Amino acid sequence: MDDPSPSDCVAYAGRMGEIVNLKQAKKRQARERASAEAAANRVKHGRTAAEKANDRRAEARRQALLDGVRRGPEACQDEG
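Worth saying up front: this structure is predicted, and the values here are computed from it rather than measured.

Caption draft 1: Main features of a positive patch on the surface. Taken together, the side chains of Lys23, Lys27, Arg28 and Arg31 define a basic patch exposed on the protein surface. The exposed category is assigned to Lys23, whose relative accessible area is 58%.

Caption draft 2: Quick peek at the pattern of salt bridges. Inspection of the entire model under this criterion finds two salt bridges. A salt bridge links Arg47 to Asp55, with the nearest nitrogen and oxygen atoms 2.9 Å apart. Looking at Asp55, the relative accessible area reads 39%, which means it is partly exposed.

Scoring rules and cut-offs
- Residues numbered from 1 in each chain as written.
- Predicted model: local features only at pLDDT ≥ 70, side-chain atom pairs only at ≥ 80, totals over all residues.
- Heavy atoms only, no water.
- Patch = residues over 30% accessible without salt bridge, like charges linked within 9 Å, V, L, I, M, F, W, Y side chains within 5 Å.
- Areas by Shrake-Rupley, 256 points an atom, 1.4 Å probe, with all protein chains shown as cover.
- Salt bridge = Lys/Arg side-chain N within 4 Å of Asp/Glu carboxyl O.
- Lys, Arg positive; Asp, Glu negative; His and termini not counted.
- Charge placed at Lys NZ, Arg CZ, Asp CG, Glu CD.
- Buried < 20%, exposed > 50% of the residue type's maximum accessible area, 1.4 Å probe, protein only.

What follows is the structure, encoded as structure tokens:
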């Protein structure tokens with residue numbers, strides 16, 4: 001049998017892929033996917049305490065405005 005020349009060994013080594021443990025690769029991929037989803041959820045749902053307080057004040061202001069213009073049952077009897 002012929003011994004391979006050094007250039008043949010280099011060419012063969014260049015064609016080989018890296019050995020990968022599939023279980024570890026799947027776990028790593030799942031962690032990366034979960035991390036990306038968590039980052040998206042932080043952007044989507046993460047709000048500061050000041051933002052939450054501001055929203056509560058705005059909602060209270062809106063409710064007070066609606067309560068001020070609400071018509072009571074006596075207003076309906078006057079019309080009818």
